[in-house]
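# Examining the three-dimensional arrangement
Single-letter residue listing:
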Amino acid sequence: DTAVSQTPKYLVTQMGNDKSIKCEQNLGHDTMYWYKQDSKKFLKIMFSYNNKELIINETVPNRFSPKSPDKAHLNLHINSLELGDSAVYFCASSLIQENTEAFFGQGTRLTVV
Amino acid sequence: GESVGLHLPTLSVQEGDNSIINCAYSNSASDYFIWYKQESGKGPQFIIDIRSNMDKRQGQRVTVLLNKTVKHLSLQIAATQPGDSAVYFCAENKEVNSGYSTLTFGKGTMLLVSP
C-alpha cells in the first residue's frame, strides 16, 4: 500500500533527450510537490500543485513542465536534458491546511550522460 | 563528534548514546516545524513535528526542542541504535504565496551510529 509512488526509480539518459517522471498518491491529499535533491543532499522545492492548479514555481527552468491530470497525480516532464539536471527528484503530497506533514515518494535518480 | 565542512555535517555516536542534532531556521514567522529521517535510497520520512506555540514535544525515543528566540530546533534521540543511521532534516512551514505554505528544508545532518 504505497502512499506516494513515483516511477521510474532510476533513469539514465543522454543530454538533449526529453523524459518524464510520474507520481501518484493514494492518500486523498489535495496538494502535491516536486523537490530536487542535489549531490550534497540539499532538498529544494520546485513546484507545488493544489487541486491541479499550480501554486508554487520556484524559478525552475522552462524545460521543466509539471502536469497534474487530477489531484492524485503530478507528473514532471523535462525537455532537453542537461548534465546539471542529474539529481534525485522527490514527489510529495500533503493537505493544504497549514501544519500538516508532507509524505514523500521513494525518489527518482536521474542521471544525464 | 560533529564536523561541518564542505561535506554534509556528520554526527558520529556509539550505540546506546544519546544523540542531539541541531538546526537553525530562517523565518521568525514560521509556525510549524518537522524533523525528517532519510535512509539511503529512500525518501524523507516523518519523525516528529512541533508547532510554534510549544517549546518541547516528545515521541518514542525522540524529543524535539524549539527555541523561537534564536530560531533553533534540536532533535534528541535517546539510546541511539544502528538503525537510526541516516540523514536528518529539519523543515519549516513557510508561507510562499498568499494563503499557501510549503516545507523548506535545512541542510541535513548525517548521523552515523557504530555498534
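Residues numbered from 1 in each chain as written. Chains lettered and ligands numbered in written order. Predicted model: local features only at pLDDT ≥ 70, side-chain atom pairs only at ≥ 80, totals over all residues. Heavy atoms only, no water.

### Topic: the sheet that holds strand β8 (residues 72-77) of chain B
Residue and element names in this part refer to chain B. Spatially, four strands are ordered β3-β8-β7-β6 in an open sheet, and the strand pairing comes out antiparallel. Two strands close off the open sheet at either side, each with one partner strand: β3 (19-24) and β6 (56-58). Across the sheet, the mean angle from the axis of one strand to that of its neighbour is 15 degrees, orientation sign disregarded. Bridge analysis of β6 against strand β7 (residues 62-67) gives three bridges, and the strand direction is antiparallel. Residue Gln58 lies in a different strand from β7, and its bridge partner there is Thr63. (Pairing = 2+ DSSP bridges. Helix = DSSP H or I, 4+ residues; strand = E, 2+ residues; numbered from the N terminus. Axes fitted to C-alpha atoms, helices over the stretch in contact; angles between N-to-C directions.)

### With respect to the confidence of the model for chain B
Per-residue confidence for chain B gives a mean pLDDT of 90, with 92% of residues at or over 70. The low-confidence segment residues 1-5 of chain B, where pLDDT is below 50, has eight contacts with residues more than four positions distant or belonging to other chains. (pLDDT = per-residue confidence, 0-100. Contact = heavy atoms within 4.5 Å.)

### Some remarks on the packing of aromatic side chains
All told, the structure shown has ten aromatic pairs over all chains when counted by the stated rule. Both rings, one in A:Phe104 and one in B:Tyr36, keep their centres 5.5 Å apart while their planes meet at 80 degrees; by these two values the pair is edge-to-face. Linking A:Phe104 in strand β10 (residues 103-104) with B:Tyr36 in strand β4 (residues 32-38), this pair reaches from one chain into another. Classification of B:Tyr36 as buried rests on a relative accessible area of 0%. Taking the centre distance of 5.7 Å and the plane angle of 80 degrees together, the rings of A:Phe104 and B:Phe105 count as edge-to-face. Residue A:Phe104 is found in strand β10, and its partner B:Phe105 is found in strand β10 (residues 100-105); the two belong to separate chains. The burial state of A:Phe104 is the same as that of B:Phe105; both residues are buried. By the ring-pair criterion, three or more aromatic residues cluster together here, those being A:Tyr33, A:Tyr35, A:Phe90, A:Phe104, B:Tyr36, B:Phe89 and B:Phe105. (Phe/Tyr/Trp six-rings, centres within 6.5 Å; stacked < 30°, edge-to-face > 60°. Buried < 20%, exposed > 50% of the residue type's maximum accessible area, 1.4 Å probe, protein only.)

### Comments concerning the interface of chain A and chain B
Chain A puts 22 residues into the contact, and the matching count from chain B is 24 residues. Interface of chain A and chain B: buried area, both sides summed, is about 2000 Å²; carbon and sulfur atoms make up 54% of it. Joining chain A to chain B, the criterion identifies zero salt bridges. Applying the counting rule to chain A against chain B returns four residue pairs in polar contact (both at pLDDT 80 or more). Mapped by element, the contributors of at least two residues to the side of chain A that touches chain B are β4 (31-37), β5 (43-50) and β6 (53-57) of chain A. (Buried area = accessible area lost by both parts, 1.4 Å probe. Salt bridge = Lys/Arg side-chain N within 4 Å of Asp/Glu carboxyl O. Polar contact = N/O pair within 3.5 Å; in protein donor to acceptor, adjacent residues only side chain to side chain.)

### Points about the state of the cysteines
All told, the structure shown has two disulfides over all chains when counted by the stated rule. Residue pairing for A:Cys23: its cysteine sulfur links by disulfide to A:Cys91, the two sulfurs lying 1.8 Å apart. Linking A:Cys23 and A:Cys91, the disulfide has an S-S dihedral of approximately -80 degrees and is accordingly described as left-handed. Of the two residues, A:Cys23 sits in strand β3 (residues 19-25) while A:Cys91 sits in strand β9 (residues 87-94), which places them 68 residues apart along the sequence. Across this residue pair, the class does not change: A:Cys23 and A:Cys91 are buried. Note that B:Cys23 is cross-linked by a disulfide to B:Cys90, the S-S spacing being 1.6 Å. With B:Cys23 in strand β3 and B:Cys90 in strand β9 (residues 86-97), this pair connects stretches of sequence that are 67 residues apart. The residues B:Cys23 and B:Cys90 share a single accessibility class, namely buried. (Disulfide = S-S within 2.5 Å.)

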